[in-house]
Amino acid sequence: MAAVSGHGPRTPSVRIGPVDLAARVDEALAVQAVAFGLGPEEIEVRRHIVLRHLDHPCARALGATTPGGRLVGFVYGMPNERGQWWSTVVEPYLRANGLAHWLDDAFVITELHVLPEFQNRGIGRALITTVTDAVDQPRSILSAIDTESPARGLYRSLGYQDLARQVLFPSAPKPYAVMGAPLPLRRRGPNDFRPPVLPG
């Protein structure tokens, strides 16, 4: 397990490593609710979605935990399949841009969330680079709310570029951007935190 140092008493060190996210789904959703601003009804809907995703045989999940075991961030994803709901929604937008081939042989980052008080410490970067370093696919794709945000800035710094914008998901109040990057993801430099991939 690799550690990310804290910056003061309110932000203790965290460790990045494999996590049984299905067993800790309620903790993960609590992180997502704070980081993403979800209400109780949305949380319940997402609970079923997350558990269904994690049942995929090739799903991978990592957690960021404090020494006391508190889950403060997580990431999970899986190889893309054209028949998956997310893929069927974004495919027409990518096809319109001549980029539908990005859906083939790609690893999808399904969710990546870190509690606000633990953000800006490299935890999100460590989670996404570690999970994608362990996959066999040559590229990664994801969707993010289509606005300039710290999340979009992080993804761009890792090499993700916009493949489609103003993507509308059913019931989502805001449009999304679909982004893609070749793997391995870009590093900032020799001092960039790069924890080892742990078995599990």
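Rules and cut-offs
- Residues numbered from 1 in each chain as written.
- Predicted model: local features only at pLDDT ≥ 70, side-chain atom pairs only at ≥ 80, totals over all residues.
- Heavy atoms only, no water.
- Salt bridge = Lys/Arg side-chain N within 4 Å of Asp/Glu carboxyl O.
- Buried < 20%, exposed > 50% of the residue type's maximum accessible area, 1.4 Å probe, protein only.
- Core = buried A, V, L, I, M, F, W, Y, C linked by side-chain atoms within 4.5 Å.
- Helix = DSSP H or I, 4+ residues; strand = E, 2+ residues; numbered from the N terminus.

Asks: Help me understand the pattern of salt bridges, please; the structure alone is not making it clear to me.
Replies: With the rule as written, the count across this model stands at 14 salt bridges. When the shortest N-O distance is used, the salt bridge between Glu148 and Arg156 registers 2.9 Å. Of the residues examined, Glu148 reaches a relative accessible area of 54% and is grouped as exposed. Residue classification places Arg156 among the partly exposed residues on the basis of a relative accessible area of 31%. What emerges from the salt-bridge pattern is a single network uniting Asp146, Glu148, Arg152, Arg156, Asp162 and Arg165.

Asks: It is not clear to me how the nonpolar core should be interpreted in this structure. Could you clarify?
Replies: Buried together is how nonpolar side chains tend to be arranged in soluble globular proteins. Membership of the largest hydrophobic core comes to 41 residues, with the highest contact counts inside it found for Leu21, Ile109, Leu127, Ile128, Tyr155 and Tyr160. Ranked by residue count, the leading element in this core is strand 4 (residues 71–79), at 6 residues. Core analysis: the next-biggest nonpolar cluster, separate from the first, contains 15 residues, Val89, Ala106, Ile141 and Leu163 among them.

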